[in-house]
2 protein chains.
Amino acid sequence: MSIKIKGITTPPSIDELSDRLERVRNKMVEENLDYYVSFDPVNIYYLTNFANNVHERPFILIIEREGIPKMVVPLLEKSHVESRALGELEFHSYYEFPAPQGQNWYDIYRSLFEKDKIVGIEAAMPSGIAEKTPGTKVITDIIEEIRIIKSDYEVGRCVHACKIVNKGHKELLKMCKPGMHEFALYQKITGSMTSKIIMDIPDANFIVCKTVAAVWPPSFSHDPHIIPKIFAEMEEGGPHVSIVSAQVDGYGVELERTFFLGHVPEKVKEPFEVMFHARELAYNLLKPGTLMSEIDHKVRKFITDKGYGDYIIHRTGHGLGITGHEAPYLAEGYDKPLEPNMLISIEPGIYIPGIGGFRHSDSVLITNDGYIKLTKAPENIEDLTLNISN
Amino acid sequence: MSIKIKGITTPPSIDELSDRLERVRNKMVEENLDYYVSFDPVNIYYLTNFANNVHERPFILIIEREGIPKMVVPLLEKSHVESRALGELEFHSYYEFPAPQGQNWYDIYRSLFEKDKIVGIEAAMPSGIAEKTPGTKVITDIIEEIRIIKSDYEVGRCVHACKIVNKGHKELLKMCKPGMHEFALYQKITGSMTSKIIMDIPDANFIVCKTVAAVWPPSFSHDPHIIPKIFAEMEEGGPHVSIVSAQVDGYGVELERTFFLGHVPEKVKEPFEVMFHARELAYNLLKPGTLMSEIDHKVRKFITDKGYGDYIIHRTGHGLGITGHEAPYLAEGYDKPLEPNMLISIEPGIYIPGIGGFRHSDSVLITNDGYIKLTKAPENIEDLTLNISN
């Protein structure tokens, strides 16, 4: 757990991208596919380094078992794609969306397939694009699946992204005091993280950069996916729940803590302890071979046995990588084993209306014999009870 | 063109949302659909006022010809949805993504349909969700279609959003000078627009707020969809192209200008004039009844006749509303007539590698007998040649 991994801030090498493509093609052979078509901008970014601002004009990547992948792009974006995409790609541009008859995206797109082939498509592919795809279609998330195991390069990128959120979270805790407005905190910490991203990666692609820094005060913290009102104020006591996350030039991680201002109200000590030990239980199970469903099941059982089962509203964790939320999932029903070089969040939570939310989240790398926690912030209740006397 | 429309900053009334739903249902009857299913977060927001941060857990809205619409939501988001959604909705929550057998989103989802019915789905619906949808599926974009004609309420919201970008653009032009960094400008102007949004709408939903302020300096301006590098600097001369856009608590508009610092280089005068007159031509055609394809065709022909046809890379305009890019499209191939209460951009462009880009864009309302330009900024080359001697 104490090994240091060096952060990486450079773009992927051509070899890195070729390896990713090769892994996709190996899956295509396994699944007997002649073509695989990717529309999901995340998957296209993974394979080409090109990130698009999604709008109504489609970008579509067509992969055959051999040869240069083909990319259907709007004429408008041709030079943008060429300036950011890495690796060999054959571009096929279309007139506009919509376009005169015979020059629409689907006219170009359909002409790139041979007849009567087996074509893999993503579950995320819009029905309107699937409808225009020729051949026998099979829904299969090959790219999402290969993204589950990170290369050493991807791990390095995420290690660097963790440095950004670690710094952001440290600054966030320093700002917290009763009466602090959500908006002031958001502006200050996201600005600081963005500045660090730019200093570390001057050529960062801002389409795939995002920073979030927020605190759910006690009156909101039982509802983890609501957005706190802009003038919501922090209060003495707690539980407050922080979220600091960043997508740093394409690589996303998170760091979250339950904390208190000045003192810990008596009634929240027990749910905090239950969350704290549920989390310990999860960490003790983190090693290659453990089923992810089993971890979630045991965590839920532990919390339920302590009397808080009605207050569980989400799984124990999720994958991280080029998004901040992706497979694998530490969830009942996801019966796959942990493997080295998976990158996941660990974040069992308890949410009690009228009292508040209890959740720590870290970004964690699975190693050959256990795990390394890549994010860093105080964890126990004493260190998370902030002094407000100054 | 000089009528003043009052901006609106309040949430939609229940009547407004009921009217939208009724229009969807009228289309369902016309198209002989028993159900219509919406997955597109934009369409769900349009009908329910609930905006979701898209992630792997699906939110799905099921509309029948009568009765209360049903919404499938993750348990995690139940209280979030309930706090933001307006109008009558019946919520059906699922355990988690993924979930133990029998408790997945699709188990809940499929149980809400009667057998052997005709089900309309959006072109944007992911194939993985379409696959789990029972009945006879028909791809039809009913909600996107009814969104094309704005209610007076929507127009009022967009009028307010235009005030935000008008102010932002005015401040942007004041900051521009040779050597100004992209990043400094972005930070200042988006901060200023965000502050105004918060002052005007303290309860704004930040999931549907976004502000953009950027200038494409001459070395980038030929490529309208590239993101300028963060340390890109403005230069004496031009053409620079500004983009100021905002989604203001759910309503999106844009304002863009081609401008010069200090002087206008000789070689750019002609393409500027051609763009300027192409734009005039487009405005002269703006009234109910004109085919949108015809406008684009005439604009392209005008530019081509002037010798710049090779430098057209996009259509003349697109719709605006709860997104900044939506139907209708002023594009060859889109053979529908303009109608009152359409809200569109007018932005013919010319993009010459090595010289730069030429484009003004405004957000424009079609009225009973013509149009009203809702955005406001200098338009002619004299007013857009900024003094840099101070």
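In this convention, every chain numbers its residues from 1, walking through the sequence in written order. Chains and ligands are labelled sequentially in the order written, the chains with letters from A and the ligands with numbers from 1. Local features in this predicted model are restricted to residues of pLDDT 70 or higher, and side-chain atom pairs are both shown and tallied only at a pLDDT of 80 or more, whereas totals for entire chains, interfaces and linings draw on every residue.

A.B. asks: Now, about helix H9 (residues 266-284) of chain A: what can you tell me, with residues and values included?
C.D. replies: Residues and elements named next belong to chain A. Given a rise of 1.5 Å per residue, 19 residues ought to cover 27 Å, and the 28 Å separating the end C-alpha atoms of H9 matches this to within 8%. Those residues of H9 lying buried are Val268, Pro271, Phe272, Val274, Met275, Ala278, Arg279 and Ala282. An end-on view of H9 places all buried positions within 160 degrees of arc, on one side of the element. Of the residues in H9, the exposed ones pointing more than 90 degrees away from the buried face are Glu266, Lys269 and Asn284. Secondary structure counts use DSSP, requiring at least four H or I residues in a row for a helix and at least two E residues in a row for a strand, with both numbered from the N terminus. By this rule, a helix spans an expected 1.5 Å times one less than how many residues it contains. Exposed residues have 12 or fewer other C-beta atoms within 10 Å of their own C-beta, buried residues have 20 or more, and partly exposed residues fall in between, where C-beta atoms are placed from the backbone. Directions pointing from the helix axis toward each C-beta atom define the arc.

A.B. asks: Any chance you could break down the sheet that holds strand S7 (residues 210-216) of chain A for me, citing the residues and the numbers?
C.D. replies: Picture the strands of a sheet paired through backbone hydrogen bonds; they go either parallel or antiparallel. Residue and element names in this part refer to chain A. The sheet built from four strands is open, its strands ordered S7-S8-S9-S17 with mixed pairing. The sheet is open, and its two borders are formed by S7 and strand S17 (385-386), each paired with just one other strand. Here 10 bridges tie strand S8 (residues 237-248) to strand S9 (residues 251-261), and the two strands are oriented antiparallel to one another. For Gln247, the partnering residue across the bridge sits in S9 and is Gly252. If DSSP finds at least two bridges between two strands, the strands pair.

A.B. asks: Which residues make up the relation of the copies chain A and chain B, and what values do they have?
C.D. replies: The fit set for superposing copies consists of C-alpha atoms from residues with pLDDT of at least 70 in both; the fit itself is least squares. If you rotate chain A by 180 degrees and push it 0.0 Å along the axis, it lands on chain B with an RMSD of 0.0 Å. Here the symmetry operator amounts to a two-fold rotation axis. Closest to the rotation axis within chain A is the C-alpha of A:Pro126, separated from it by 2.2 Å. Throughout, a residue-residue contact means that the two C-beta atoms, derived from backbone geometry, are no farther apart than 7 Å. The residues that chain A uses at the interface reappear at the interface of chain B in 98% of cases, marking a shared surface.

A.B. asks: Break down the nonpolar core for me, with residues and values.
C.D. replies: If you look at the biggest cluster of nonpolar residues, it comprises 111 residues, and the most contacted ones within it are A:Cys158, A:Ala161 and A:Ile350. In terms of residue count, helix H7 (residues 152-175) of chain A provides more of this core than any other element does, eight residues in total. Ignoring sequence-local partners within four residues, the contact set of A:Ile350 consists of A:Pro271, A:Val274, A:Met275, A:Ile303, A:Tyr308, A:Tyr311, A:Ile312 and A:Phe358. Ranked by size, the runner-up nonpolar core spans 109 residues in total, among them A:Ile227, B:Ile189, B:Val241 and B:Val364. For the purposes of this analysis, a nonpolar core is taken to be any set of buried Ala, Val, Leu, Ile, Met, Phe, Trp, Tyr and Cys residues that are connected through C-beta atoms within 7 Å.

A.B. asks: I'd like a rundown of the domain arrangement of chain A, residues and numbers included.
C.D. replies: It is common to give the size of an interface as the accessible area that goes away when the parts come together. Residues and elements named next belong to chain A. Throughout, the edges of the domains are those of an automatic or database domain assignment. What the domain assignment reports for chain A is domain 1 (14-146) and domain 2 (152-386). Contacts between the two partners involve eight residues from domain 1, matched on the other side by nine residues from domain 2. Residue contributions to the side of domain 1 that touches domain 2 peak at three residues, all from helix H2 (residues 41-48). Classification convention: Asp, Glu, Lys, Arg as charged; Ala, Val, Leu, Ile, Met, Phe, Trp, Tyr, Cys, Pro as nonpolar; all other residues, Gly among them, as polar. For the side of domain 1 that touches domain 2, the class distribution of residues is four nonpolar, one polar and three charged.

A.B. asks: For unusual backbone geometry, give the residues involved together with the corresponding values.
C.D. replies: Trans peptide bonds make up the majority, and among non-glycine residues the majority have a negative phi. In this model, A:Phe97 is joined to A:Pro98 through a cis peptide bond whose omega is -10 degrees. On the secondary structure map, A:Pro98 appears in the loop between strand S4 (90-94) and helix H4 (105-110). Following B:Gly238, the chain continues into B:Pro239 via a peptide bond in cis, with omega recorded as 5 degrees. Within the secondary structure, B:Pro239 is located in strand S8 (residues 237-248). Phi is positive for A:Asp249, close to 45 degrees, though the residue is something other than glycine. Summarising the element assignment, A:Asp249 is placed in the loop between S8 and S9. A:Asp249 gets classed as buried once you count the C-beta atoms within 10 Å, which come to 23.

A.B. asks: Provide a residue-level description of the packing of helix H7 (residues 152-175) of chain B against helix H8 (residues 182-200) of chain B, including the pertinent values.
C.D. replies: Residues and elements named next belong to chain B. It is at 10 Å that the axes of H7 and H8 come closest, and there the two elements cross at 150 degrees. The angle between H7 and H8 falls in the class roughly antiparallel. The hand of the H7/H8 crossing is right-handed. Contact residues: H7 offers His160, Ile164, Lys167, Gly168, Glu171, Leu172 and Met175, while H8 offers Leu185, Lys188, Ile189, Ser192, Met193, Lys196, Ile197 and Asp200. Residues belonging to the contact of H7 with H8 are distributed by class as follows: seven nonpolar, three polar and five charged. To get an axis, a line is fitted to the C-alpha atoms, and for a helix only the part in contact is used. The angle between two axes follows their N-to-C directions and goes from 0 to 180 degrees. Any angle between 65 and 115 degrees counts as roughly perpendicular, while under 35 counts as roughly parallel, over 145 as roughly antiparallel, and the rest as oblique. By convention the crossing between two helices is left-handed if the near helix lies anticlockwise of the far one by an angle smaller than a right angle, and right-handed if it lies clockwise.

A.B. asks: Give me the lowdown on the environment of B:Lys132, citing residues and values where you can.
C.D. replies: Residues and elements named next belong to chain B. Mapping Lys132 onto the fold places it in the loop between helix H5 (127-130) and strand S6 (136-139). Assessed through the 17 C-beta atoms surrounding it within 10 Å, Lys132 is described here as partly exposed. Spatially, the C-alpha atom of Lys132 lies 33 Å from that of Gln247, the residues being 115 residues apart in sequence. Aside from chain neighbours lying at most four places away, what touches Lys132 is Tyr106, Tyr109 and Arg110.

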